[in-house]
Amino acid sequence: MEIDSLLQLRLSLQAVMLGWTAGLLYDLLRAWRQRCRRAFFASALDVIYALMVPFLLFFFALRAAGGELRIYQLLCFLGGLILFFTLCSEMLRPLWDFWTEMLLRFFALCLLPFRFLHRLSRKFALFGKKLFHFQKKYYIIYQTRKRFPQYGKWRGTHGKRK
């Protein structure tokens, strides 16, 4: 069994790029975590990241490394993470913040018709609630006017019929 140094170099560079990608993903999710005001959403993003990185390492070990994840590949993965955070993270954070803000504003703009429909439906529900609340009284008045037309018309004489 021979050791192929070019294969190890290729796997090492792929592990560095995988670490770089994991750092990039962490920075993207960091921008979303800072924008959200709910702790549940931030925790969900952390869980997504914590589940995604081992899956990426597992997939890398199965596909690229032939089912074997060696220690030098893990060290190269961590080296890629460190390399990303030292070289590019600070430089790319304003860019991620900007695009996250623009995407959130776009979503808010897309939700405007739904907000309008929600407010309109609340007004119709309030009107329907009032209408059905007095439906029995309305029916009695309508039937009274229908049976006794002479009692249904008042001329504004404050209770006195003409």
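Since we're looking at a predicted model, the values are computed, not measured. (Residues numbered from 1 in each chain as written. Predicted model: local features only at pLDDT ≥ 70, side-chain atom pairs only at ≥ 80, totals over all residues. Heavy atoms only, no water.)

Trainee: Just to check I follow, could you spell out the layout of surface pockets for this structure?
Mentor: Empty space among the atoms becomes apparent when a probe as large as a water molecule is rolled across them. When its volume is computed, the largest pocket comes out at roughly 370 Å³. As for the largest pocket, its lining consists of Trp32, Arg35, Cys36, Arg37, Arg38, Phe41, Glu101, Leu104, Phe107, Ala108, Leu111 and Arg115. Per-element accounting of the lining of the largest pocket gives the leading share, four residues, to helix H4 (residues 89-110). (1 Å grid on protein atoms, 1.4 Å probe; cavity = no way out; pocket = protein on both sides within 12 Å on 5 of 7 lines; lining within 4 Å. Points joined across faces, edges and corners; volume = space filled by probe spheres on them. Helix = DSSP H or I, 4+ residues; strand = E, 2+ residues; numbered from the N terminus.)

Trainee: Can you help me understand the nonpolar core in this one?
Mentor: Side chains of a nonpolar character, in soluble globular proteins, are inclined to be buried together. Among the nonpolar cores identified, the biggest contains 14 residues, and Ala22, Tyr49, Val53 and Phe77 are the most heavily contacted of them. Counting residues per element, the ones that place at least two in this core are helix H1 (5-35), helix H2 (39-63) and helix H3 (71-87). Aside from chain neighbours lying at most four places away, what touches valine 53 is Ala22 and Phe77. (Core = buried A, V, L, I, M, F, W, Y, C linked by side-chain atoms within 4.5 Å. Buried < 20%, exposed > 50% of the residue type's maximum accessible area, 1.4 Å probe, protein only. Contact = heavy atoms within 4.5 Å.)

Trainee: What is the right way to look at H2 in this model?
Mentor: Note on helix geometry: an α-helix contains 3.6 residues per turn, so any two residues three or four positions apart are oriented the same way. Its 25 residues place the ends of H2 36 Å apart at the C-alpha level, agreeing with the 36 Å of an ideal helix rising 1.5 Å per residue. Every buried residue belonging to H2 is among Ala42, Leu45, Tyr49, Val53, Leu57, Phe60 and Ala61, and all of these are buried. Looking at the packing, one finds that the buried side of H2 touches H1 and H3. (Expected span 1.5 Å × (residues − 1).)

Trainee: Where do I start with the packing of H3 against H4 in this structure?
Mentor: When two helices pack together, their arrangement is given by the angle between the helix axes and by the axis-to-axis distance. Where H3 contacts H4, the two axes come as close as 5 Å, and the packing angle between them is 70 degrees. Comparing the axis directions of H3 and H4 gives the class roughly perpendicular. Taking contact as the criterion, the partners of Phe84, Phe85 and Leu87 in H3 are, on H4, Ser89, Met91 and Leu92. (Axes fitted to C-alpha atoms, helices over the stretch in contact; angles between N-to-C directions. Parallel < 35°, antiparallel > 145°, perpendicular 65-115°, else oblique.)

Trainee: Got a minute to help me understand the pattern of salt bridges in this structure?
Mentor: Any two side chains of opposite charge can pair, so long as their charged atoms come close to each other. Under the definition given, this model contains five salt bridges. With a closest N to O distance of 3.8 Å, aspartate 27 and arginine 93 form a salt bridge. Here the residue aspartate 27 occupies a position in helix H1, and arginine 93 occupies one in helix H4, the gap between them amounting to 66 residues. You can call arginine 93 partly exposed: its relative accessible area is 25%. When the shortest N-O distance is used, the salt bridge between arginine 93 and glutamate 90 registers 3.1 Å. Remark: glutamate 90 and arginine 93 occur in helix H4; sequence separation between them is three residues, near one turn of the helix. Residues joined in a network through salt bridges with shared partners are Asp27, Glu90 and Arg93. (Salt bridge = Lys/Arg side-chain N within 4 Å of Asp/Glu carboxyl O.)

Trainee: Looking at this structure, how should I read H4?
Mentor: Given a rise of 1.5 Å per residue, 22 residues ought to cover 32 Å, and the 31 Å separating the end C-alpha atoms of H4 matches this to within 8%. Among all positions in H4, only Ser89, Trp96, Asp97 and Thr100 are buried. The buried residues of H4 occupy one face: seen down the axis, they fall within an arc of 110 degrees. Seen from the buried face of H4, the exposed residues on the opposite side, beyond 90 degrees, are Met91, Pro94, Trp99, Arg105 and Leu109. At its buried positions, H4 is contacted by H1 and H3. (Arc of directions from axis to C-beta.)

Trainee: Just checking my understanding: could you explain the packing of aromatic side chains for this structure?
Mentor: Geometry of an aromatic ring pair is reported as the spacing of the ring centres plus the angle between the planes. Considering all chains together, one arrives at seven aromatic pairs under this definition. Ring centres 5.6 Å apart and planes at 70 degrees place the aromatic pair phenylalanine 84 and phenylalanine 85 in the edge-to-face group. Phenylalanine 85 sits in the partly exposed class, given a relative accessible area of 33%. Taken together through their ring pairs, the aromatic side chains of Trp20, Tyr26, Tyr49, Phe84 and Phe85 make up a single cluster. Sitting over the face of the ring of tyrosine 26, arginine 33 holds its NZ or CZ atom 4.9 Å from the ring centroid. (Phe/Tyr/Trp six-rings, centres within 6.5 Å; stacked < 30°, edge-to-face > 60°. Lys NZ or Arg CZ within 6 Å of the ring centre and 35° of its normal.)

Trainee: Could you clarify how one ought to interpret a positive patch on the surface in this entry?
Mentor: Together, Arg115, Arg119, Arg122 and Lys123 line one region of the surface with positive charge. Examined against the element boundaries, lysine 123 turns out to sit in helix H5 (residues 112-133). (Patch = residues over 30% accessible without salt bridge, like charges linked within 9 Å, V, L, I, M, F, W, Y side chains within 5 Å. Areas by Shrake-Rupley, 256 points an atom, 1.4 Å probe, with all protein chains shown as cover. Lys, Arg positive; Asp, Glu negative; His and termini not counted. Charge placed at Lys NZ, Arg CZ, Asp CG, Glu CD.)

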